[in-house]
Structure formats: structure tokens, C-alpha cells
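Structural overview
For reference, the chains in residue letters:
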Amino acid sequence: MLQKKDVAPDFTLHATPDQKISLSEFKGRNVILAFYPADWSPVCSDQMALYNEMLKYFKQYDAEIMGISVDSKWCHLAFSQSRNLHFPLLADFEPKGEVAKKYGAYNEAEGECNRVLFVINKEGIIEWSYQSPIAINPGADGILEALESLIKK
Amino acid sequence: MLLKPAVDNHDHVQGNTTADLIIVEFGDYQCPHCGAAHPIIKEMMNKFGSQTKFVFRNFPLTEIHPLARPAALAAEAAALQNRFWEMHDAIFEHQPFLAENLLLQLAGKLQLNIDQFRKDIHQSALAAKVDGDFESGMRSGVNGTPSFFVNGKKFDGGAGDLFELLQSSTE
């Protein structure tokens, strides 16, 4: 798994069926990447629902959050609509898990992403990473502490 | 994970306010798990209230529970008329029927000053209280509702586990 001070590998993934997002577009802003196993499973839904409520707090730190799983863009669309999510879910779908593998966040046995968080600074360098046990929603306190340490620099 | 900030005089407290055992719940009035936890907490406080200080902080997930925040504001508005816990209980007891209109009806049943209540639910100070509770939860590692803290530390379990903990620790 990539760690603090590693360069965050760039990627381009579908955020909606007709829109792609590249990490490099976010140079100059802080980015939170939340790899998670799957849309619809209960823990993930709670985790994404939780982050959905915190967008204004992330914005205070000039940070954008994105979820990433191996689910397809259409699956993400349905999930996002059902949970009323206001941030992008990226489809690491083809080649499956390619981005997760680059970040060391892929679980080969399950064919899913692990539950891993990255906070990436404005220069595209990883500031903080954390892998949570699959069944445990990591909450947001770690993300906020990492964002706070960025501000203090 | 630690509770940040610690319990202070902005919090709604029931039970024994000077007890050494302090339990904090982060809850959402529209969350079915919180609804299910409510009677267990009531029973727990009936039994152990003399040894327990119990605090409720709001953690509304407004995008999946659009009535959670209006309900939180209604409880806070009731608090201004010193009826926080009565409103808190009434909302959970009527959770399946939660609606903006129901909140007014409950305020009526509790014989609150309705004109005042209607004004108060729009007060920015109440919105700030609810936001402050939410932010406290976010910083304390709340990852869903209900989440409990026992003496400032995150408790890894639900209301039933909490009840058992109290039962075994007071035996």
C-alpha cells in the first residue's frame, strides 16, 4: 500500500457514464481517495453516506473526496442516486482494479478494493493513508486530522 | 477513539449528573437502529440512572434521512422550554410516523408554547448546536448511528451490549 510521501499515481476513470475524471485535474487542491469494496453492501453504504454529510467540512480544507470501487459506472450511478451522494464514485472497472493495484489497495482474493483511505496534497503527494478492516467503517476523524496537518504546514 | 470535545454544559444530560460513569450517544432521530436502541436505553436508565450520566448528541445523516435534522431542531427547540428529553422520547416513540407536522403535534402534546417553538426551530443558534454535535461526532470517529462513548472512549457495540456492560459492572 502506498504511504506518506509517495507520489499519488495519476488515473483517469469514469465518474458518470459520460464523464471521466483524472486525478491530475485536481492539482492545487487536496484530494481524499476512499477505496471501498462494493456499492450496496451495508458498511460501504454507511461509509459513503457518512462522507456525503461531511462535504462542507472537507471543502473548508479545500479538499475533494472521491470514492473508488471496481463497480461499473452504471452501478455507481444507481447507488449514488439511491444514497443521494454529492461526490463522485469512480469505476475502477476495466482493466479491473488497475488503479487500486497501483495504490496497493486491491484485494486479489475477493476481486475488490480494500477499504483504504488516502489524503493527497495539492502537489499530488500522499500525506496520509490508512487501511481499515473490511467490515469496519473507518469514519472520518483520520481524514480530518490529516487535512488539519496539511493546513498547519 | 476519544470523545472530542468532552461532555460540557452545552450537552443534554439525564440520570445522575454527578455520576462517574458517563455515556454519550450520537444519534439520528430518523435512523431505525437508533429507534430500536431507544427503549433499551430507557430501560438501562431506569435501572442504572442513579449511577449513570447519559448524554445525547445529534448526528443526523440528512441526505438519507431528510427528517433527521428537523427532528433534531425540534428537540433542541423543546430544550429551550426545558423539555428536551420529553421531546427526544416522543420523537423516537413516534419514529415510524415522523413528519414535520408530527413534530408540531408532539410539541402540542407536550404543551409547549407553540408560537415560541415555531420561531425557535428556525433559530441559527439551534442550527449551530446541531452542527456542533455533528462535528464533534465526526472528529470523535463516529462511523454510524447510534455510536456510544463510555467515559470518553468509543464503545464498540450497540445499546444491548452497553446494557450488558452496565449489568455486569454493577453486579
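Everything in this summary refers to the structure shown in the same document.

Criteria and cut-off values
- Residues numbered from 1 in each chain as written.
- Chains lettered and ligands numbered in written order.
- Predicted model: local features only at pLDDT ≥ 70, side-chain atom pairs only at ≥ 80, totals over all residues.
- Heavy atoms only, no water.
- Helix = DSSP H or I, 4+ residues; strand = E, 2+ residues; numbered from the N terminus.
- Buried < 20%, exposed > 50% of the residue type's maximum accessible area, 1.4 Å probe, protein only.
- Pairing = 2+ DSSP bridges.
- Axes fitted to C-alpha atoms, helices over the stretch in contact; angles between N-to-C directions.
- Contact = heavy atoms within 4.5 Å.
- Buried area = accessible area lost by both parts, 1.4 Å probe.
- Salt bridge = Lys/Arg side-chain N within 4 Å of Asp/Glu carboxyl O.
- Nonpolar A, V, L, I, M, F, W, Y, C, P; charged D, E, K, R; others polar.

**What about the overall build of chain A?**
Counting secondary structure elements, chain A contains five helices and nine strands. The linear arrangement of helices and strands in chain A, starting from the amino end, is β-β-β-α-α-β-α-β-α-β-β-β-β-α. Taken along its principal axes, the extent of the C-alpha atoms in chain A is 40 × 30 × 30 Å. A total of 153 residues make up chain A; the buried ones form 57% of that total.

**Some words on the sheet that holds strand β2 (residues 21-27) of chain B**
Residues and elements named next belong to chain B. A sheet is described by the order of its strands in space; here five strands give the open sequence β1-β3-β2-β4-β5, paired in mixed fashion. The open sheet is flanked by β1 (12-15) and β5 (153-155), the only strands paired with a single partner. The sheet shows a mean angle of 30 degrees between the axes of neighbouring strands, taken without regard to direction. As judged from the four bridges shared by β1 and strand β3 (residues 52-58), these two strands associate in the antiparallel manner.

**Examining the interface of chain B and chain A**
Tallying the contact residues gives 17 residues for chain B and 20 residues for chain A. Looking at the side of chain B facing chain A, the largest losses of area belong to E63, M138 and N143 of chain B, adding up to 42% of the total buried there. Linking chain B to chain A there are three salt bridges. Where K56 of chain A meets D131 of chain B, a salt bridge forms, and the shortest distance between an N and an O atom there is 3.7 Å. Tallied by class, residues from the side of chain B that touches chain A come to eight nonpolar, four polar and five charged.

**What about the pattern of salt bridges?**
In total, this model carries 14 salt bridges over all chains according to the counting rule given. A salt bridge links E127 of chain A to K4 of chain A; its shortest N-O distance comes to 3.5 Å. With E127 of chain A in strand β9 (residues 126-132) and K4 of chain A in the segment before β1 (12-16), the pair connects residues that are 123 residues apart, well separated along the chain. Classification of E127 of chain A by relative accessible area gives buried; the value is 9%. By relative accessible area, which is 45% here, K4 of chain A ends up partly exposed. In this structure, K4 of chain B and E145 of chain A form a salt bridge, with 3.3 Å as the shortest nitrogen-oxygen distance.

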